[in-house]
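What the coordinates show
Residue strings, one per chain:
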Amino acid sequence: MSDDPWLIDNEASLRAVIGAPMESVRAKVVQRLNEAMRHFVAQSPLILLSTIDEHGRPDVSPKGDPAGFVKIDGAGDLLIPERPGNRLIFGFHNILRNPEVGLIFIVPHQRETLRVKGVATLRSDPDIVAQMQVNGKPAILYTHVAVRECFFHCGKALIRSHVWEPAKWPPAQRSIASRQFFGPAPLDEEARTRIEGVMDEAYREHLY
């Protein structure tokens with residue numbers, strides 16, 4: 001037993017705080033993509049793909065391309081193209097060890113998101129990767145996700161975040177990620193400008 005009186009460590013205490021969902025909400029969870037979900041996938045330019053490593057630790061990777069880049073095959077399963085990246089392939093390593101994945105589909109100006117759970121495999125069918133080309137470059141490979149559960153998530157999180165409201169966005173700023181290359185050293189303006197230039201060139205010249 002924990003000495004923390006505010007620790008929530010069982011379902012009964014969790015439900016006491018959160019409450020029970022309405023039956024209409026439970027009913028929205030289905031096992032296959034319906035027509036509305038298929039349309040949402042076709043409009044989505046960005047997804048978040050979660051995987052689990054051999055130690056049970058989760059990871060999440062963004063995947064983005066022109067809207068509709070994730071395809072739906074004849075069985076109603078998802079095909080997600082892979083593009084050039086940092087080659088760390090944490091998520092792919094995880095899929096090889098544990099194929100259970102989760103996805104969130106995001107569509108600009110849509111408050112709701114689409115959540116999907118499924119079983120993933122990595123594939124490289126030459127006909128399919130060729131069909132997934134952008135700017136004349138085929139996909140490197142693709143992730144096939146056999147859909148097991150899906151539902152639309154309500155829009156409260158995106159409403160609270162003001163993510164689609166430019167008037168609520170902070171002012172534009174320089175790349176925060178570029179600072180990782182300095183470690184604990186003080187920021188050197190000349191070096192930071194150079195690193196930002198290298199990053200911009202990579203985004204511009206090696207996107208596909």
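Conventions used here
- Residues numbered from 1 in each chain as written.
- Predicted model: local features only at pLDDT ≥ 70, side-chain atom pairs only at ≥ 80, totals over all residues.
- Heavy atoms only, no water.
- Core = buried A, V, L, I, M, F, W, Y, C linked by side-chain atoms within 4.5 Å.
- Buried < 20%, exposed > 50% of the residue type's maximum accessible area, 1.4 Å probe, protein only.
- Helix = DSSP H or I, 4+ residues; strand = E, 2+ residues; numbered from the N terminus.
- Contact = heavy atoms within 4.5 Å.
- Arc of directions from axis to C-beta.
- Patch = residues over 30% accessible without salt bridge, like charges linked within 9 Å, V, L, I, M, F, W, Y side chains within 5 Å.
- Areas by Shrake-Rupley, 256 points an atom, 1.4 Å probe, with all protein chains shown as cover.
- Salt bridge = Lys/Arg side-chain N within 4 Å of Asp/Glu carboxyl O.

Turning to the nonpolar core, a few remarks are in order. Residues Leu33, Val70, Leu78, Leu103, Phe105, Leu114 and Val116 are the most contacted members of the largest nonpolar core, which totals 23 residues. Mapped by element, the contributors of at least two residues to this core are helix 3 (35-43), strand 1 (46-52), strand 4 (78-81), helix 4 (90-97), strand 5 (100-106), strand 6 (113-123) and strand 7 (142-153). When near neighbours in sequence (up to four residues on either side) are disregarded, Leu103 contacts Ile47, Leu48, Leu49, Leu78, Ile80, Leu114, Arg115, Val116 and Val145. Formed by five residues, the second largest nonpolar core is a distinct cluster that contains Leu79, Val129, Ala139 and Tyr142.

Every α-helix winds through 3.6 residues per turn, so residues three or four apart in the chain are directed the same way. When we look at burial in helix 4, the residues that qualify are Phe92, Asn94 and Ile95. Summarising the axial view, the buried residues of helix 4 lie within an arc of 160°, below the 170-degree limit, and thus occupy one face. Contacts made by the buried residues of helix 4 are with strand 1, strand 2 (58-64), strand 5, strand 6 and strand 7.

Side chains of Ile8, Leu14, Val17 and Ile18 sit close together on the surface and give an oily, nonpolar patch of about 390 Å² of accessible area. On the secondary structure map, Val17 appears in helix 1 (residues 11-18). With a relative accessible area of 58%, Val17 lands in the exposed category.

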